[in-house]
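# Notes for the structure review
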Amino acid sequence: MRIASIIGALILASGCGGSAASIDSVASVDSVVTTDAVAPVATDTTQLAVMPVDLGAYANTVGCTSYEKKATPISYVSEWGYCKFEDVTVQVYAFASPLDLASFMQMLLSSGGKEEDTVTKGLVLFAPDSAAKLEPLRKALGA
């Protein structure tokens, strides 16, 4: 089963996508908050995953051109759309956090999708319509 058909079903089922805090999850104004200083963890090897500011421009840097942003919300997805990679349509998804990406992948897998049909780099997931383009896309992304 191709990712495109699974995503289509998820779009219909997801309602208003994205992740947001509910009123119940936000601390009340009356609560006491302490601000003890916390020493930062020193690390030279940890790279933070950051969602690209312009998903279309990011996709273009790896040869995925003609990006078309879609407005239909999908759960856990901050932005998504289509682009062309070597004449094949690719769905591109950007996530606000690693947790959103993991939640989306879990939803995709539980709906019959396969992780091997996608290529992920940071907080961006690419899903080409052709399995033949997975390896060229991985090479273009350096993944």
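Above this text you will find the structure in question.
Below or above, wherever it landed, is the structure these notes cover. All values derive from a computational prediction rather than experimental measurement.

Definitions and limits used
- Residues numbered from 1 in each chain as written.
- Predicted model: local features only at pLDDT ≥ 70, side-chain atom pairs only at ≥ 80, totals over all residues.
- Heavy atoms only, no water.
- Phe/Tyr/Trp six-rings, centres within 6.5 Å; stacked < 30°, edge-to-face > 60°.
- Helix = DSSP H or I, 4+ residues; strand = E, 2+ residues; numbered from the N terminus.
- Buried < 20%, exposed > 50% of the residue type's maximum accessible area, 1.4 Å probe, protein only.
- Pairing = 2+ DSSP bridges.
- Axes fitted to C-alpha atoms, helices over the stretch in contact; angles between N-to-C directions.
- Contact = heavy atoms within 4.5 Å.
- Disulfide = S-S within 2.5 Å.
- Salt bridge = Lys/Arg side-chain N within 4 Å of Asp/Glu carboxyl O.

Turning our attention to the packing of aromatic side chains. Scanning all chains against the criterion turns up five aromatic pairs. Centroid distance Y58 to F126: 6.4 Å. Interplanar angle 35 degrees. Geometry classified as tilted. Of the two residues, Y58 is situated in helix α2 (residues 55–61) and F126 in strand β5 (residues 124–128); the sequence distance between them amounts to 68 residues. A relative accessible area of 0% places F126 in the buried class.

Moving on to the sheet that holds strand β4 (residues 119–121). Backbone-to-backbone hydrogen bonds join strands into a sheet, with any given pair of strands oriented parallel or antiparallel. Pairing is antiparallel in the open sheet, where five strands are placed in the order β1-β2-β3-β5-β4. With partners counted over all chains shown, the strands left at the sheet margins are β1 (64–70) and β4, one partner each. If you compare each strand with its neighbour and ignore which way they point, the axes differ by 25 degrees on average. Relative to β5, β4 runs antiparallel, the two sharing three bridges. Bridging across to β5, T120 finds its partner in L125. Strand contacts of helix α4 (residues 134–141): β2 (79–85), β3 (88–94), β4 and β5, with the helix running at about 10 degrees to β4, the strand carrying the most contacts.

With that settled, the discussion passes to the state of the cysteines. Covalently bonding the sulfur atom of one cysteine to the sulfur atom of another cysteine gives a disulfide. Inspection of every chain in the model, using the stated rule, returns one disulfide. Two residues, C64 and C83, share a disulfide whose sulfurs are 1.8 Å apart. Negative torsions about the S-S bond denote left-handed disulfides, and the value of about 80 degrees found for C64 with C83 makes this one right-handed. Here the residue C64 occupies a position in strand β1, and C83 occupies one in strand β2, the gap between them amounting to 19 residues. Here C64 and C83 have matching classes, each one buried.

Overall, the coordinates contain three salt bridges when judged by the stated rule. E68 is the salt-bridge partner of K70, the closest N and O atoms lying 2.8 Å from each other. Its relative accessible area of 43% is what places E68 among the partly exposed residues. Linking R138 and E135 is a salt bridge whose minimum nitrogen-to-oxygen distance equals 3.6 Å. A residue pair is termed a helical-turn pair when its members lie 3 or 4 positions apart in one helix, as R138 and E135 do in helix α4 at three residues. Exposure remark for E135: the relative accessible area of 42% places this residue in the partly exposed category.

Right, let's talk about the pairing of β3 for a bit. A large share of β3 lies buried, amounting to six of its seven residues. As judged from the seven bridges shared by β2 and β3, these two strands associate in the antiparallel manner. When the sheet's bridge partners are listed, C83 is paired in β3 with V90. Relative to β5, β3 is paired through five bridges, and the arrangement is antiparallel. Note on β5: the bridge partner recorded for Q91 is A127.

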